[in-house]
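For reference, the chains in residue letters:
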Amino acid sequence: MCWSGEASTALATVGIAGAAYSALKKNPEPLALWVCLLYFASMEALQAVSYSVLNQCDSPLNQVMTLFGYLHITFQPFFINAVALYFMPKDAARKLAPWVYAACFVGAISMLVQLYPFSWAGSCLPGRPLCGQILCTVKGEWHLAWLLPTNGIGNSMAEHAYLGYGFLAYPVMAFFVPSLYGSWRFVLFSWLAGPYLASLTTNNINEWPAVWCLFSIGLVLAIIKTPLRQHLHVGAPWWQMLPRWWKTRKQPQAHVGGALLGEAKALKVENRPQLESASSAE
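Residues numbered from 1 in each chain as written. Predicted model: local features only at pLDDT ≥ 70, side-chain atom pairs only at ≥ 80, totals over all residues. Heavy atoms only, no water.

Caption draft 1: Quick peek at the state of the cysteines. Per the stated rule, a full pass over the model turns up 2 disulfides. Disulfide pairing places Cys57 opposite Cys136 at an S-S distance of 2.1 Å. An S-S torsion of about -80° defines the bridge between Cys57 and Cys136 as left-handed. In this pair, Cys57 is assigned in the loop between α2 (31-51) and α3 (60-86) and Cys136 in strand β1 (residues 136-139), connecting sequence segments 79 residues apart. Neither residue differs from the other here; Cys57 and Cys136 are each classed as buried. Linked covalently through their sulfurs, Cys124 and Cys131 form a disulfide whose S-S length is 2.0 Å. Across the disulfide from Cys124 to Cys131, rotation about the S-S bond amounts to roughly 90°, and the bridge is consequently right-handed. (Disulfide = S-S within 2.5 Å. Helix = DSSP H or I, 4+ residues; strand = E, 2+ residues; numbered from the N terminus. Buried < 20%, exposed > 50% of the residue type's maximum accessible area, 1.4 Å probe, protein only.)

The structure is reproduced here in structure tokens:
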């Protein structure tokens, strides 16, 4: 199998058209869904342009498209969390949204910091995703691959996939945080259909993110256009259930305590005449 610029153009067109239809039809799809589709379709459009200058590492267009690819990845957690929040109960999502997007902002800053060549940070270790000696988009095993001279921040985590191979902010914000606040069904699906499936199609670690982005268009289309969406909603999250559970746990104790106190008072009232009689007899 070999991908091409024409294939990326076709897929980007499908994604953009799908997003436009979802937004403009009589009963529009939720904002979070069609905006996420549009965002990932824009990545495929970016990749389609990149194919025109593939392997031309001295080309300004090649370098700019490579940089744009990294920036697109940097801000993806905002859109991933928008979809994750959509599958949460509305009241919970409303409370979470400001905190979640603030955390996404911090994560984006973290990834931008990893892009700058600080002298004290050294260079990224070969074998980390996106790591290269030069800024360039090159041919991968069947799709394109990105090379960026990112710095060495995160090199200590380079061998751990669950830590993003050193780009810690991405898995934290795209997978760990949504799972923590309760949208675990969407996270499981997005992980299986995204990074896991992409890893099965290529052994090139620099190609893997590009393939993942490609698959993300199909992932979002599946959510919008198939009954799968119905199975990704979750009920009240644990952090809302915990106070309720604690309250119900305390209520029986309070009830028992109140009952014992009532019995004690009743016995005291019953015994009072006897105590008064004994006192009079003395």
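Caption draft 2: Main features of the pairing of β1. Looking at chain direction, β1 and strand β2 (residues 144-147) are connected through 4 bridges and run antiparallel. Note that in β2 the partner of Cys136 across the bridge is Leu147. (Pairing = 2+ DSSP bridges.)

Caption draft 3: Structural view of the packing of helix α1 (residues 5-24) against α2. Packing of α1 against α2 brings their axes to within 8 Å, and their N-to-C directions diverge by 160°. Judged on the interaxial angle alone, α2 and α1 are roughly antiparallel. The two elements α1 and α2 meet at a crossing, and its hand is left-handed. Facing Gly5, Ser8, Thr9, Leu11, Ala12, Gly15, Ile16, Gly18, Ala19, Ser22 and Ala23 of α1, the residues of α2 in contact are Trp34, Leu37, Leu38, Ala41, Glu44, Ala45, Gln47, Ala48 and Tyr51. Grouping the constituent residues of the contact of α1 with α2 by class yields 12 nonpolar, 7 polar and 1 charged. (Axes fitted to C-alpha atoms, helices over the stretch in contact; angles between N-to-C directions. Parallel < 35°, antiparallel > 145°, perpendicular 65-115°, else oblique. Left-handed = near helix turned anticlockwise from the far one by under 90°. Contact = heavy atoms within 4.5 Å. Nonpolar A, V, L, I, M, F, W, Y, C, P; charged D, E, K, R; others polar.)

Caption draft 4: A positive patch on the surface, seen in detail. Taken together, the side chains of Lys90, Arg94, Lys95 and Arg244 make up a positively charged region of the molecular surface. Top element by residues in the positive patch is helix α4 (residues 90-115). It accounts for 3 residues. Its location among the elements puts Lys90 in helix α4. For Lys90, a relative accessible area of 72% corresponds to the exposed category. (Patch = residues over 30% accessible without salt bridge, like charges linked within 9 Å, V, L, I, M, F, W, Y side chains within 5 Å. Areas by Shrake-Rupley, 256 points an atom, 1.4 Å probe, with all protein chains shown as cover. Salt bridge = Lys/Arg side-chain N within 4 Å of Asp/Glu carboxyl O. Lys, Arg positive; Asp, Glu negative; His and termini not counted. Charge placed at Lys NZ, Arg CZ, Asp CG, Glu CD.)

Caption draft 5: Representation of the confidence of the model for the chain. Chain-level pLDDT for the chain is 90 on average; 88% of the residues reach the 70-or-more range. Per-element mean pLDDT across the chain ranges from 60 in helix α8 (residues 238-281) up to 98 in α3. (pLDDT = per-residue confidence, 0-100.)

Caption draft 6: Focus on the pattern of salt bridges. Under the defined criterion, the tally for this structure stands at 2 salt bridges. Residue Glu29 pairs with Lys25 through a salt bridge whose shortest N-O separation is 2.7 Å. With relative accessibility at 12%, the residue Glu29 sits in the buried group. Given the relative accessible area of 22%, Lys25 is considered partly exposed. With its nearest N and O atoms 2.6 Å apart, the salt bridge here joins Glu29 to Arg229. You can see Glu29 sitting in the loop between α1 and α2 and its partner Arg229 sitting in the loop between α7 (208-225) and α8, a full 200 residues away along the chain. Among the residues examined, Arg229 registers a relative accessible area of 15% and is labelled buried.

Caption draft 7: Structural view of a nonpolar patch on the surface. Together, Trp184, Leu188, Trp191, Leu192, Tyr196, Leu197 and Leu200 make up an exposed nonpolar region whose accessible area comes to about 700 Å². The topology assignment puts Trp191 in helix α6 (residues 184-201).

Caption draft 8: Unusual backbone geometry, seen in detail. Its identity is not glycine, yet Asn55 carries a phi of approximately 70°, on the positive side. Assignment of secondary structure puts Asn55 in the loop between α2 and α3. With a phi close to 75°, Leu130 is a non-glycine residue in the positive phi region. Relative to the helices and strands, Leu130 resides in the loop between α4 and β1. The buried category is assigned to Leu130, whose relative accessible area is 4%.

Caption draft 9: Focus on the packing of aromatic side chains. Tallied over the full model, the rule gives 16 aromatic pairs. With a centroid separation of 4.9 Å and an interplanar angle of 70°, the aromatic rings of Tyr86 and Phe87 are classed as edge-to-face. Among the residues examined, Phe87 registers a relative accessible area of 0% and is labelled buried. Centre to centre, the rings of Tyr165 and Trp208 are 5.8 Å apart; their planes meet at 85°, and the pair counts as edge-to-face. In this pair, Tyr165 sits in the loop between β2 and α5 (169-181) while Trp208 sits in helix α7, placing the two residues 43 residues apart along the sequence. You'll find Tyr165 and Trp208 in the same group, each marked buried. Taking the ring centre of Phe167 as reference, the NZ or CZ of Arg128 above it sits at 4.7 Å. (Phe/Tyr/Trp six-rings, centres within 6.5 Å; stacked < 30°, edge-to-face > 60°. Lys NZ or Arg CZ within 6 Å of the ring centre and 35° of its normal.)

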